[in-house]
Amino acid sequence: QVQLVESGGGLVQPGGSLRLSCGASGSIGYINSMGWYRQPPGKQRQFVATITDGGSTNYVDSVKGRFTISRDNAKNTVYLHMNSLKPEDAGVYYCKFETTAPWGLKYEYWGQGTQVTVSS
């Protein structure tokens, strides 16, 4: 059974930094893309960043220049380096993997979420 486990959330002051990690366990197959989403308090889950198997990245405009997504294919792990954090960056952060199984079917897996709080 595939499981995504996240870590790295916490409380940080405005302007501070955090690094989130999300690793996969189980027979996950080929990972096509890895991504991060967040859900601010009282709002819907929203896209933050993705990285493809080829290393191409995409970011929501509000985090460009501040956040960096990276992946370690050998460890089936994705990272989100967050700098210059703002209060509006707060929320529960979720990782998502889009995969292809050996038999050709595509799957989507989500992490359990990790809380990021930005406050002085």
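In case you missed it, the structure is sitting above this.
Residues numbered from 1 in each chain as written. Predicted model: local features only at pLDDT ≥ 70, side-chain atom pairs only at ≥ 80, totals over all residues. Heavy atoms only, no water.

### Some words on the overall build of the protein
Next, step 1: Looking only at helices and strands, the protein has zero helices and 11 strands in total.
Next, step 2: Listed N to C, the secondary structure of the protein is β-β-β-β-β-β-β-β-β-β-β in terms of helices and strands.
Next, step 3: Against the compact-globule benchmark of 14 Å for 120 residues, the protein has a radius of gyration of 14 Å, which places it among compact chains.
Next, step 4: Principal-axis analysis of the C-alpha atoms gives the protein an extent of 50 × 25 × 25 Å.
Next, step 5: Taking all 120 residues of the protein together, 42% fall into the buried category.
Next, step 6: Within the protein, residue pairs in contact and separated by at least 24 positions form 54% of the contacts whose partners lie at least 6 positions apart.
Next, step 7: Carbon and sulfur atoms make up 48% of the accessible area of the protein, which amounts to about 6400 Å² in all. (Helix = DSSP H or I, 4+ residues; strand = E, 2+ residues; numbered from the N terminus. Rg over C-alpha atoms; globule rule 2.2 N^0.38 Å. Buried < 20%, exposed > 50% of the residue type's maximum accessible area, 1.4 Å probe, protein only. Contact = heavy atoms within 4.5 Å. Areas by Shrake-Rupley, 256 points an atom, 1.4 Å probe, with all protein chains shown as cover.)

### Some remarks on the pattern of salt bridges
Next, step 1: Enumeration over the complete set of coordinates arrives at five salt bridges.
Next, step 2: The residue Lys96 makes a salt bridge to Glu108 at a minimum N-O spacing of 3.7 Å. Of this pair, Lys96 sits in strand β9 (residues 91-100) while Glu108 is found in strand β10 (residues 106-110), placing the two residues 12 residues apart along the sequence.
Next, step 3: According to the relative accessible area criterion, Glu108 is partly exposed, its value standing at 47%.
Next, step 4: Connected through salt bridges with shared partners, the residues Arg38, Arg66 and Asp89 form a single ionic network. (Salt bridge = Lys/Arg side-chain N within 4 Å of Asp/Glu carboxyl O.)

### Description of the state of the cysteines
Next, step 1: Per the counting criterion, the structure on display carries one disulfide.
Next, step 2: Shown here is the disulfide that connects Cys22 with Cys95, its sulfur atoms set 2.0 Å apart. Where Cys22 bonds to Cys95 through sulfur, the torsion about that S-S bond is close to 50°, and the disulfide is right-handed. Here Cys22, found in strand β3 (residues 18-25), pairs with Cys95, found in strand β9; they are 73 residues apart in sequence, far enough to count as distant. (Disulfide = S-S within 2.5 Å.)

### Some remarks on the nonpolar core
Next, step 1: Trp36, Val78, Leu80, Met82, Tyr93 and Phe97 are the most contacted members of the largest nonpolar core, which has 27 residues in total.
Next, step 2: Within the residue set of this core, elements represented by two or more residues are β3, β4 (30-39), β5 (46-52), β7 (67-72), β8 (77-82), β9 and β11 (114-118).
Next, step 3: In terms of residue count, the dominant contributor to this core is β3 (four residues).
Next, step 4: Those residues in contact with Val78 that lie beyond four places of it in its chain are Leu20, Ser21, Cys22, Met34, Trp36, Ile51, Ile69, Ser70, Arg71, Cys95 and Phe97. (Core = buried A, V, L, I, M, F, W, Y, C linked by side-chain atoms within 4.5 Å.)

### Some thoughts on the packing of aromatic side chains
Next, step 1: Under the criterion given, the structure shown has four aromatic pairs.
Next, step 2: Aromatic side chains Tyr37 and Phe47 sit 5.7 Å apart centroid to centroid with 75° between the ring planes, which places their arrangement in the edge-to-face category. You can see Tyr37 sitting in strand β4 and its partner Phe47 sitting in strand β5, a full 10 residues away along the chain.
Next, step 3: Looking at Tyr37, the relative accessible area reads 15%, which means it is buried.
Next, step 4: Its relative accessible area of 26% is what places Phe47 among the partly exposed residues.
Next, step 5: Note on Tyr107 and Tyr109: the rings are 6.3 Å apart at their centroids and 20° apart in plane angle, and the pair reads as stacked. (Phe/Tyr/Trp six-rings, centres within 6.5 Å; stacked < 30°, edge-to-face > 60°.)

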